[in-house]
Amino acid sequence: MFLLVLAGFLVAAIAPGVERVTGRLAGVVLAAAPLTLFAMLLRRAELLEPGGRIEAGGAIRETLHWAPQLGAQLSFRLDGLSLLFALLITGIGGLITLYAGSYLQGHPARGRFFAWLMVFMASMLGLVLADNVISLIVFWELTSISSYFLIGFDHAREAARRAALQALLTTSAGGLAMLAGLVVMAVAGGSWEISELLEQGETLRGHSLYPAMLLLILAGCFTKSAQFPFHYWLPNAMEAPTPVSAYLHSSTMVKAGIYLMARLSPALGGTQLWFAILAIVGGATMVIGAYLAIRQTYLKRILAYSTISALGVLTFLLGLGAAGGEAAAGGAAPVETEIAVYAAQAFTVFLLAHAFYKATLFLIAGSVTHAAGTADVRRLGGLAKAMPLTALAAGLAAFSMAGFPPSFGFLSKELLLEATLKQPSLAILTTAAALLGGILFIVVSGLVAFGPFFGRRQTESPPADASSPTEASPHEVSFPMWIGPLLLGGAGLVCGVLPHGIGEHVVAPAVTAVLGADQLVPIELALWHGFNLPLLLSTIAILTGVGLYVLHPQVSRLLQSGDAAHRFGPEAWYHGGLEGLLAVARWQTGLLQNGSLRAYLRTVLLTAIGLLGWTLLRVDSLPLGIGPWPEKPEEWFYANSYRLAVAGMILLGAVGAVHSGSRLTAIASLGVVGYGVALIYALYGAPDLAMTQFVVETLTVLLFVFVFYYLPNSPRQSTPAHRLRDLLIAVAAGAVMSLLVLVAARVQIDGRISGYFAANSVDVGHGRNVVNVILVDFRALDTLGEITVLAVSALGVLALLKLRPRREKLS
Amino acid sequence: MNWLLTLPILLPMLVASGMMLLRRRPMAQRLVSVLGMLGLLATAITLLVTVYRDGVLAIQLGGYAAPYGISLVADLLAAIMVLLAAMKGTAVVIYSTVSIDAEREAYGYHPLLHVLLMGVCGAFLTGDLFNLYVFFEVLLMSSFVLLTLGGERGQVEGAIKYVTLNLISSALFLAGAGILYGVTGTLNMADLAIKLPAAGQPQVANMLAMIFLLAFGIKAAIFPLFFWLPASYHTAPAAISAIFAGLLTKVGVYALLRVFTLVFVHDIGFTHGLILMLAGFTMVTGVLGAAVQSEFRRILSFHIISQIGYMLMGLGLMVVLAWSDTEATRAAVTMGLGATVFYIAHHIVVKTNLFLVSGVVERLQGTGRLDSLGGFYASRPVFSLLFLVPALSLAGIPPLSGFWAKLALVQAGLRLEQYGIVAIALAVGVLTLFSMTKIWAAVFWAPDPAERPASEERPASEERLSKEKGLAMMIGPIAGLAGITLLIGLAAGPIFEVAMQSGVQLLNPQIYIDAVHPVVSE
């Protein structure tokens with residue numbers, strides 16, 4: 001399986017080259033890659049072969065080492081659920097590639113498009129096959145990134161760039177939350193392999209961090225799968241070319257979150273929390289998405305909102321059905337088991353049905369826009385004559401979406417109603433939500449698939465987006481563009497009429513995986529369940545839905561008027577959040593990095609004072625390295641008068657340096673400070689140091705005098721208040737430093753290295769001046785470094801003097 | 001083999017002095033410069049392999065036993081840092097052969113670069129606190145001169161802020177070293193690790209820890225001491241800011257890692273708790289600063305700060321040892337320290353590369369302002385991909401190096417139940433992605449604004465040609481570093497293993513002390 005995923009990435013790498021070489025046939029040639037993967041998956045899964053493990057509810061697993069210290073392994077596992085997704089990804093991927101080859105014919109960046117499409121396909125395949133938590137995250141993020149590049153494919157347009165960014169930020173914020181959740185789960189469950197974690201359901205659900213891990217993981221799933229209130233990015237993602245919308249944003253990537261919830265439901269599902277969150281969020285998404293869909297008038301946006309609604313249905317079903325892995329195994333009450341099985345069946349069947357019809361409808365929307373030059377449903381109608389094959393595909397897809405018998409969609413709706421009706425609590429509410437969703441779906445399918453082909457144009461006025469001249473003469477699209485929709489649309493019908501085969505080979509293993517059962521859960525899919533409550537409800541829904549569709553022009557106008565939801569809806573939160581964040585960032589950066597060196601110095605010094613002062617305060621008693629107060633102060637004073645004089649001299653020098661308005665006075669005052677320090681050296685028995693200091697000070701002052709002679713006096717720039725503030729900071733800094741030295745001076749331990757230098761200077765270092773021997777022998781590397789510093793300084797002075805910017809030299 | 005330790009210091013110094021003689025011969029200078037860097041790279045690789053195989057290496061210079069002379073020590077951390085420095089030095093020096101103008105070369109660009117590397121390598125390898133100060137001075141002075149080289153107004157202004165704030169750091173460092181010597185009577189770090197606890201003065205030790213936190217914190221550009229960095233990095237030519245971006249702050253981080261795992265580990269609950277807190281603030285302020293910038297290199301500069309926070313996070317997580325010293329805690333703390341080392345490695349490669357990319361962009365379109373740039377994805381798709389690798393890696397997108405770095409930190413943080421810092425680290429990740437996509441959208445996706453109006457203002461064809469000339473020498477190193485980023489990501493296992501080993505050494509300072517083996521002084 002690793003090789004299958006790797007192959008996908010390799011195809012991505014060569015896709016631009018292949019596109020260039022094959023020209024017109026690029027779509028056909030490149031479509032061979034996903035279709036080959038599709039075939040290889042079938043072989044690997046031993047589907048339809050006698051004794052196939054997956055069909056029997058088992059799994060195939062393989063592992064490669066990656067970064068085991070971090071729990072990352074390239075381990076892959078193929079079971080019913082991942083097979084179902086993998087087949088959708090590669091199968092639809094092939095048809096999409098074929099379609100895109102013609103759709104983007106002549107586009108200069110078609111090669112790059114294919115590359116990103118293949119990167120996405122391989123990542124998505126990796127995502128659903130991964131058994132390792134970290135690998136899953138890796139592929140998950142890769143799908144977000146490839147989605148970013150595909151949404152922004154038409155990158156010269158700002159709208160495309162914004163939509164791409166919005167989708168990326170939303171999904172990766174969720175993705176990072178999910179990362180945290182998954183790591184917590186892995187640590188709690190003691191394994192990085194999903195298949196092993198699924199065995200730990202009991203431990204995980206009982207863990208104190210269970211709510212945290214669940215919420216974090218769901219944050220990732222909900223953002224990725226466009227659940228309310230994170231759904232806003234998906235309609236905007238329609239900026240992408242149509243094949244991308246059909247592939248990523250309806251049939252595969254947006255189902256990654258659904259996949260993960262289904263995958264983890266045996267471990268995390270079945271709790272009150274799980275049920276509450278998934279049923280509420282899923283139900284809300286289902287209804288709100290469908291409602292928003294019928295407000296739209298542009299094909300792709302209608303489809304986008306209906307996709308959101310469908311994703312809500314899937315989440316809703318996972319919420320209803322997650323009676324836990326034990327349910328199917330027989331641990332729970334029979335009713336719960338039955339609901340779980342129904343919900344899992346409904347989930348799987350709806351997933352498939354939706355993938356078939358939604359990809360079809362998107363592709364058709366692309367074809368219609370391509371052929372008729374507008375995407376406004378009010379300006380479309382009667383295209384069936386000009387585009388018979390596309391119309392046929394549209395009809396099939398619409399049938400399935402609306403849930404008319406004998407389509408696959410009908411079957412899924414029946415199962416959905418069975419699951420809601422069997423709920424022990426809230427049956428009426430959940431059924432009502434499901435019904436409402438179903439009714440709105442009928443309207444949507446009428447809008448996007450019936451109206452444009454079989455209906456009449458509602459308006460004859462020229463469209464606002466009349467950019468294409470082809471509107472006058474709609475025509476059938478080329479083979480690569482109708483074959484995909486037709487096959488997918490047909491699949492919806494075939495699976496509906498003959499549900500047995502797909503039920504046995506594909507749905508049953510997937511249901512088994514969703515339920516986390518050890519043995520295959522037998523499934524009997526049938527179109528006809530007899531006259532029962534679901535059928536009655538379906539009939540009511542169909543009649544209401546058709547009625548609503550007929551009245552749609554009026555309904556739509558009515559809905560358009562209430563626009564408040566848009567202004568205060570979740571998308572406004574996204575923009576507000578981003579703007580707010582940037583405002584905070586601006587404020588903070590203006591405050592901190594304000595460009596003034598004085599402010600920087602002030603902050604640094606205040607930090608130093610704060611940290612050191614705080615540490616000083618934490619000390620219980622402040623033992624200073626000074627003796628007791630002298631008994632006879634006068635005597636002490638006389639004995640130390642020369643020391644005090646030196647101290648006073650240094651202080652005066654310091655004050656003078658700061659206070660003086662002239663540079664020359666200031667530097668002379670600094671010289672006084674330096675001489676004072678030299679005197680201290682002399683007083684405390686370091687005459688050599690004192691000599692050095694005298695020389696250095698003299699030289700420095702002289703040099704500064706030479707330099708400053710040429711500079712004008714600088715006027716005072718600070719107000720008295722500022723000077724007072726600076727004075728306080730300076731005094732505080734000095735005080736803290738002095739205290740520190742006094743505290744430290746008290747502590748001295750034995751074993752100082754200075755004794756060694758004195759003892760070995762002559763014998764080992766062959767020199768009588770200990771300081772010299774230290775400098776050139778014991779610690780010669782220091783001196784080497786300092787010499788280098790000097791050399792570099794010289795170079796710097798030279799460069800500063802001689803190397804001027806060109807324009808200054810000219811003037 | 002321990003003479004090997006002196007080479008990363010001596011080699012750049014000799015190369016630099018040799019090049020001083022070649023001032024009027026730019027071609028010869030470039031050749032020597034590149035060869036010298038390659039030599040350093042080979043040395044660094046040998047050093048890392050040796051240390052990984054044989055354990056911590058130490059040499060006592062002049063044959064004076066520690067703590068009397070100066071020790072050079074290479075544990076895994078130091079050896080990794082030297083290798084990273086050599087790697088980026090090589091990339092930048094090749095890039096510089098075409099991107100640095102002849103005048104800057106004549107005034108010592110190449111020797112300065114090598115002196116800078118000498119200072120950096122010396123700082124990584126020295127086992128002596130005062131010697132560390134000396135190497136800090138070497139790299140401070142050479143970086144200051146590099147920053148002013150060219151004497152443009154913006155450069156000098158930035159350089160003054162740079163040097164003033166860094167001198168405060170130096171003053172604090174010197175004061176700290178002096179007081180520390182006054183208390184313990186030694187400057188050898190291994191010896192300090194023994195004698196400071198023996199002094200039995202945890203409170204004095206805490207104050208010293210604060211001084212070093214401040215001194216190295218300024219160097220490392222942590223919150224709220226980072227001002228010099230965004231004020232200066234963008235002013236110099238791209239090659240210079242690239243070498244600064246990867247190395248200077250990392251020397252500060254290295255020094256923090258060194259002293260806060262070896263010397264100041266007596267009151268972890270206080271010191272490392274503080275570091276963890278500062279790490280969080282550093283991440284946030286840095287990334288927010290970047291979010292509002294509108295110039296390529298300014299965005300990158302602020303991101304350096306943010307990433308420093310991540311590096312410190314691994315160190316700060318040691319705080320948990322203050323209340324829980326179990327096997328599991330130590331394992332997670334080791335992972336955190338390993339993550340820090342991994343993060344540094346990832347960051348140096350990626351950040352250097354992004355600055356190098358910005359240099360190419362500025363050369364081709366003459367500005368770094370995002371609103372005046374555009375069109376690179378359409379015109380140069382391969383170059384655009386070369387930007388994407390480090391940019392997405394910085395944002396932590398898998399399977400690139402940054403993802404593993406962040407993952408390891410997050411894992412360590414979650415295992416140690418430090419949820420706050422993990423939440424910050426993840427949120428900052430989103431904002432990093434925001435910044436990188438901002439650059440991508442403006443520079444690569446958006447159409448070139450110069451092409452929208454009438455094409456009169458397009459540069460003449462000769463000028464275009466001169467801009468294109470030698471571009472391969474600039475893109476080559478970019479491709480090389482992007483390759484390394486990919487390699488770190490794909491071979492995360494073995495590389496993280498080295499980082500983890502380094503984490504083990506950091507958490508067990510006795511390994512370092514034993515290697516230096518200070519004699520018991522009387």
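Scope of this entry: the structure provided in the associated data block.

Definitions and limits used
- Residues numbered from 1 in each chain as written.
- Chains lettered and ligands numbered in written order.
- Predicted model: local features only at pLDDT ≥ 70, side-chain atom pairs only at ≥ 80, totals over all residues.
- Heavy atoms only, no water.
- Helix = DSSP H or I, 4+ residues; strand = E, 2+ residues; numbered from the N terminus.
- Rg over C-alpha atoms; globule rule 2.2 N^0.38 Å.
- Contact = heavy atoms within 4.5 Å.
- Areas by Shrake-Rupley, 256 points an atom, 1.4 Å probe, with all protein chains shown as cover.
- Lys, Arg positive; Asp, Glu negative; His and termini not counted.
- Charge placed at Lys NZ, Arg CZ, Asp CG, Glu CD.
- Buried area = accessible area lost by both parts, 1.4 Å probe.
- Salt bridge = Lys/Arg side-chain N within 4 Å of Asp/Glu carboxyl O.
- Polar contact = N/O pair within 3.5 Å; in protein donor to acceptor, adjacent residues only side chain to side chain.
- Core = buried A, V, L, I, M, F, W, Y, C linked by side-chain atoms within 4.5 Å.
- Buried < 20%, exposed > 50% of the residue type's maximum accessible area, 1.4 Å probe, protein only.

**Brief notes about the overall build of chain A**
Counting secondary structure elements, chain A contains 35 helices and 2 strands. On C-alpha atoms alone, chain A measures out to a radius of gyration of 38 Å, which is more than a quarter above the 28 Å that the 2.2 N^0.38 rule sets for 811 residues. Projected onto the principal axes, the alpha-carbon positions of chain A cover approximately 120 × 70 × 55 Å. Sequence-distant contacts, at least 24 apart, represent 77% of the contacts inside chain A between residues at least 6 apart. Surface summary for chain A: the accessible area is close to 34,100 Å², and the carbon and sulfur share equals 68%. Measuring between centres, the 48 positive side-chain charges of chain A sit 13 Å from its 44 negative side-chain charges.

**Considering the interface of chain A and chain B**
At the interface, 100 residues of chain A touch 114 residues of chain B. Here chain A and chain B share an interface that buries about 9,700 Å² over both sides, 76% of which is from carbon and sulfur atoms. Between the two partners, chain A and chain B, sit 1 salt bridge. Between D128(B) and R779(A) there is a salt bridge whose closest N-O contact spans 2.4 Å. Scanning the region where chain A abuts chain B turns up 15 residue pairs in polar contact (both at pLDDT 80 or more).

**Topic: the nonpolar core**
In terms of nonpolar packing, the biggest core is built from 477 residues, with L268(A), L129(B), F216(B), M313(B) and W404(B) touching the most fellow members. For this core, the element with the most residues is helix α16 (residues 334-372) of chain A, which contributes 23 residues. Among all residues touching M313(B), those that are not within four sequence positions of it are L276(B), A279(B), M283(B), L409(B), I421(B), V422(B) and A425(B). Formed by 6 residues, the second largest nonpolar core is a distinct cluster that contains I753(A), V773(A), F778(A) and Y68(B).

**A closer look at unusual backbone geometry**
Of note, the amide linkage connecting F228(A) to P229(A) takes the cis form, showing an omega dihedral of 5°. Considering the arrangement of structural elements, one finds P229(A) in the loop between α9 (210-224) and α10 (233-236). Here the bond from F223(B) into P224(B) is cis, since omega is -10°, no more than 30 degrees from zero. Of note in the backbone geometry, H766(A) takes a positive phi value of approximately 55° without being a glycine. Classification of H766(A) by relative accessible area gives exposed; the value is 68%. In this structure, A221(B) is a non-glycine residue whose phi angle is positive, near 60°. Within the secondary structure, A221(B) sits in the loop between α9 (202-220) and α10 (228-232).

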